Amino acid sequence: MSIASPIVDEPFPLPQRWGAPEVELLTAAMQQQSLFYWRGPQTAALYDAFRSHYPLKHLFPCSSGTASVHLAFAAMKFNPGDEILVPAITDMGSVLGILHQLLVPVFVDISPRTYNADPASIRAAITPKTRGILAVHLCGNPCDMDAMMEIGREHGLIVVEDCAQAWGARYGDQIVGLIGDLGCYSFNDYKHLSCGDGGMVGTNHDHIGAHLSKWGDKCYNRVTGIRNPDELAYNYRMSEPLSAICTAQLGKHDAIVNPRTAMGLRLTEAISDLPGILPPEIRAEDTHTFYNYIFRLDLDTLICTRDEFTAALCAEGMRADGYLPDPVYRYDLFQNHNFFADTWPVRDFGLTTMDYTQVVCRESEKFLQDCVHLPFNEAMTESYIDKVALAIRSVAQRFTR
Ligand SMILES: *Cc1c(COP(=O)(O)O)cnc(C)c1O
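Residues numbered from 1 in each chain as written. Predicted model: local features only at pLDDT ≥ 70, side-chain atom pairs only at ≥ 80, totals over all residues. Heavy atoms only, no water.

Chemist: What am I meant to see in the nonpolar core here?
Modeler: With 73 residues, the main nonpolar core has Phe73, Phe107, Met145, Met148, Leu182, Tyr356 and Phe367 as its most contacted residues. Ranked by residues supplied to this core, first place goes to helix α3 (residues 65-76) with eight residues. Both of domain 1 (20-252) and domain 2 (254-324 + 364-399) provide at least three residues apiece to this core. In this structure, Met145 is in contact with Ala135, His137, Val159, Glu161, Tyr171, Ile179 and Gly180, ignoring residues within four places of it in sequence. Ranked by size, the runner-up nonpolar core spans 31 residues in total, among them Ile271, Leu297, Leu302 and Phe309. (Core = buried A, V, L, I, M, F, W, Y, C linked by side-chain atoms within 4.5 Å. Buried < 20%, exposed > 50% of the residue type's maximum accessible area, 1.4 Å probe, protein only. Helix = DSSP H or I, 4+ residues; strand = E, 2+ residues; numbered from the N terminus. Domains from an automatic or database assignment. Contact = heavy atoms within 4.5 Å.)

Next up, the structure:
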């Protein structure tokens, strides 16, 4: 047997993510007298740069996406034991702040083809203690926000959008993070835009917005200058050098997200006729910005396992693997309810009866068994994507009975 050359015969494309614009603003920051966020010129510029893409009235640039979600829920001042609905497939950053606020994450299942929270599963999980929905726009595909907002209105719930994976995504003509009550964003190293680690939380509601900086800045009031903390807050500030990098990154926002959208749609188009291959479902009116590219395998049609499929793709010169190991509730943290030094005060004090060992989100579990994850970025060209599509086609045909 001869060793054929791989179908994807060019190296994995890598963009140059930082460069002259970042250096220029960082250099300016290094000439300042202070790198403190409060009224520093870099952070002031970040507000403007951010608002040019996400026109939110109240913003707080913070240290991570995790911090942004934590601040969103802290600002709501819910009571210990109150419940927040979150999809079972997401990053830990979606739930850490919820747990630290002594709230109870209630996991809901995903829709099979969008991988976002299934509205029916959300409805089924509502109890008298439900206070909010965390709408995670997974992979950059916007959630069914009409359903989220309708359920929110019906039950008096707040809707927080976790846009960490969804820079530039739009639901119809609406920008993600501006549809719900609060929007949360991440600048970590893996996200479309990055300063290494950073985040942003924002809202258009005055009554919520007034608290964002207070919760993220030790409950100090930087406006009046009066120091008399009256609530348990955090220090989640972003600093001037990171703000400078974020501003420069936002200057490339469209140049980063638009090619991802185009290449993601191109790949979807190219593999949608293949038996056994289930590409992500995207509403025609929405903008998916492909943080990554995940498709599913119909393992009843194909004569292989998911891992055999990804190995065959890798042998064709491309990068492919599975996604997360488990739905969030399967992690030891949840299985052992080990939230505060081996205890969970919320349950110990009778504020919830939640038992994470009993949670099963079937579609989420099935998804993690049969999904194929492709890393994705803005440097991918049409020719590269076409080779990836050919490789998927070739492997799918090889494994079709
Ligand atoms: C990355 C991510 C977060 C957390 O962001 P960090 O900046 O890493 O804290 C939260 N939610 C989702 C969906 C993410 O992908």
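Chemist: Explain the site of the ligand to me, please; I cannot follow it from the model alone.
Modeler: Neighbouring the ligand are 15 residues; Gly65, Thr66, Asp162, Ser186 and Lys191 lie closest to it. The contact in question runs from an oxygen atom of the ligand to an N or O atom on the side chain of Gln165, over 2.9 Å. A distance of 2.7 Å separates an oxygen atom of the ligand from a polar side-chain atom of Asn188. Considering the ligand on its own, with 380 Å² of exposed area, one finds that the protein chains cover 94% of that surface. At the level of secondary structure, the elements contributing two or more residues to the shell around the ligand comprise α3 and α4 (93-100). (Near = heavy atom within 4 Å. Polar contact = N/O pair within 3.5 Å; in protein donor to acceptor, adjacent residues only side chain to side chain. Areas by Shrake-Rupley, 256 points an atom, 1.4 Å probe, with all protein chains shown as cover.)

Chemist: For this particular structure, what's the right way to read the sheet that holds strand β11 (residues 292-297)?
Modeler: Hydrogen bonding along the main chain pairs the strands of a sheet, whether they run parallel or antiparallel. Pairing in this open sheet of three strands is antiparallel, and the strands run β10-β11-β12 from one edge to the other. Here the strands that pair on one side only, and so sit at the sheet edges, are β10 (277-278) and β12 (371-375). In this structure, β10 lies alongside β11, joined through two bridges in antiparallel fashion. Across the sheet, residue Leu278 finds its bridge partner in β11, namely Arg296. Strands in contact with helix α9 (residues 253-271) are β10, β11 and β12; relative to β11, the strand with the most contacts, it is inclined by about 20 degrees. (Pairing = 2+ DSSP bridges. Axes fitted to C-alpha atoms, helices over the stretch in contact; angles between N-to-C directions.)

Chemist: Help me understand the sheet that holds strand β5 (residues 158-162) in this model?
Modeler: One open sheet accounts for seven strands, arranged β1-β9-β8-β5-β4-β2-β3; its pairing is mixed. If you trace the sheet from one side to the other, it starts and ends with β1 (58-62) and β3 (104-108), each paired once. Between one strand and the next, the sheet's axes are offset by a mean angle of 20 degrees, whatever the strand orientation. Bridging between strand β2 (residues 83-87) and β3 involves five bridges; their strand directions are parallel. Across the sheet, residue Val86 finds its bridge partner in β3, namely Phe107. Helix α7 (residues 206-216) contacts β1, β8 (182-186) and β9 (199-203) of the sheet and is inclined by roughly 20 degrees relative to β1.

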